[in-house]
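Spelled out, the chains give:
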Amino acid sequence: MSGPFLYDDDPAPLHTGTPRSAKTWIVVGLVGITLLAGAMVGFLYLLKGSPQEQATQAAEVFVASMSDGDTETAYQMLCEDERNRLQPDEVAGEYLGTGAGDVGEVRDDDVEGAAVQVVAVGWDDGTTTELRVLNEDGPRVCGIAGS
């Protein structure tokens, strides 16, 4: 560059310092993203509850609605495969036991593990039904275990 300058010195080059590595910022960014993801999972766990708690709540609503004769609500609590297989008026015949149902113990499915929760429902006549509950846009009842 030539020409009259305001100062006697030539313009200084723009990059005169020692180059710095961006590795530190990359590591900090990755650690930050990992911590944020972990915090989000923890928050969802606190907000919605554990899979066992969700399965218990879904089974309680399902059994209570069937016991009250509200087959439409019970039908909406079914997974897509069960809704395709049954009509709303067929839900009680397939799932309803004798008398009032009492939701009990929850465990992971023997075959599918934690992806499917098995919820025991005890009926007044002493029989027990094990409902399979899976997460399909929320916890849904998807059949009876062992059948």
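These figures come from a predicted structure and were not determined experimentally. (Residues numbered from 1 in each chain as written. Predicted model: local features only at pLDDT ≥ 70, side-chain atom pairs only at ≥ 80, totals over all residues. Heavy atoms only, no water.)

1. Some points on helix α2 (residues 51–67)
Residues three or four positions apart in an α-helix share a direction because the helix packs 3.6 residues into each turn. With 17 residues, α2 extends 24 Å from end C-alpha to end C-alpha; this agrees with the ideal 24 Å at 1.5 Å per step. Of the residues making up α2, those classed as buried are Gln54, Ala55, Ala58, Ala59, Phe62, Val63, Ser65 and Met66. With its buried residues spanning 165 degrees around the axis, α2 presents them on a single face. The positive-phi residue at the C-terminal boundary of α2 is Gly69, with phi of around 85 degrees. (Helix = DSSP H or I, 4+ residues; strand = E, 2+ residues; numbered from the N terminus. Expected span 1.5 Å × (residues − 1). Buried < 20%, exposed > 50% of the residue type's maximum accessible area, 1.4 Å probe, protein only. Arc of directions from axis to C-beta.)

2. As for the state of the cysteines
Taken as a whole and assessed by the stated rule, the structure comprises one disulfide. Note that Cys79 is cross-linked by a disulfide to Cys142, the S-S spacing being 2.1 Å. Where Cys79 bonds to Cys142 through sulfur, the torsion about that S-S bond is close to 60 degrees, and the disulfide is right-handed. Here Cys142 lies in strand β4 (residues 139–144) and Cys79 lies in the loop between α3 (71–76) and α4 (80–85), a separation of 63 residues in the sequence. (Disulfide = S-S within 2.5 Å.)

3. Topic: the layout of surface pockets
Its boundaries defined by the atoms lining it, the largest pocket holds a volume of some 170 Å³. Taken together, Val41, Leu44, Tyr45, Lys48, Gly49, Pro51, Gln54, Asn135, Gly138 and Pro139 make up the lining of the largest pocket. At the level of secondary structure, the elements contributing two or more residues to the lining of the largest pocket comprise α1 (23–48) and α2. Ranked by residue count, the leading element in the lining of the largest pocket is α1, at four residues. In terms of residue class, the lining of the largest pocket is built from five nonpolar, four polar and one charged. (1 Å grid on protein atoms, 1.4 Å probe; cavity = no way out; pocket = protein on both sides within 12 Å on 5 of 7 lines; lining within 4 Å. Points joined across faces, edges and corners; volume = space filled by probe spheres on them. Nonpolar A, V, L, I, M, F, W, Y, C, P; charged D, E, K, R; others polar.)

4. Details of unusual backbone geometry
Its identity is not glycine, yet Asp137 carries a phi of approximately 55 degrees, on the positive side. By secondary structure assignment, the location of Asp137 is in the loop between β3 (128–135) and β4.

5. What about a nonpolar patch on the surface?
A surface patch of nonpolar side chains, amounting to about 320 Å² of accessible area, comprises Ile26, Leu30 and Ile33. Of note, Leu30 is situated in helix α1. Overall, the relative accessible area of 53% leaves Leu30 in the exposed class. (Patch = residues over 30% accessible without salt bridge, like charges linked within 9 Å, V, L, I, M, F, W, Y side chains within 5 Å. Areas by Shrake-Rupley, 256 points an atom, 1.4 Å probe, with all protein chains shown as cover. Salt bridge = Lys/Arg side-chain N within 4 Å of Asp/Glu carboxyl O.)

6. Focus: the pattern of salt bridges
Following the criterion strictly, the structure yields three salt bridges and no others. Between Arg85 and Glu94 there is a salt bridge, with the nearest N and O atoms lying 3.2 Å from each other. Here Glu130 ties to Arg107 by a salt bridge, and the two come within 3.0 Å at their closest N and O atoms. On the criterion of sequence distance, the pair formed by Glu130 in strand β3 and Arg107 in strand β1 (residues 101–109) is long-range, its members being 23 residues apart. On the basis of relative accessible area, Glu130 is assigned to the partly exposed category, the value being 26%.

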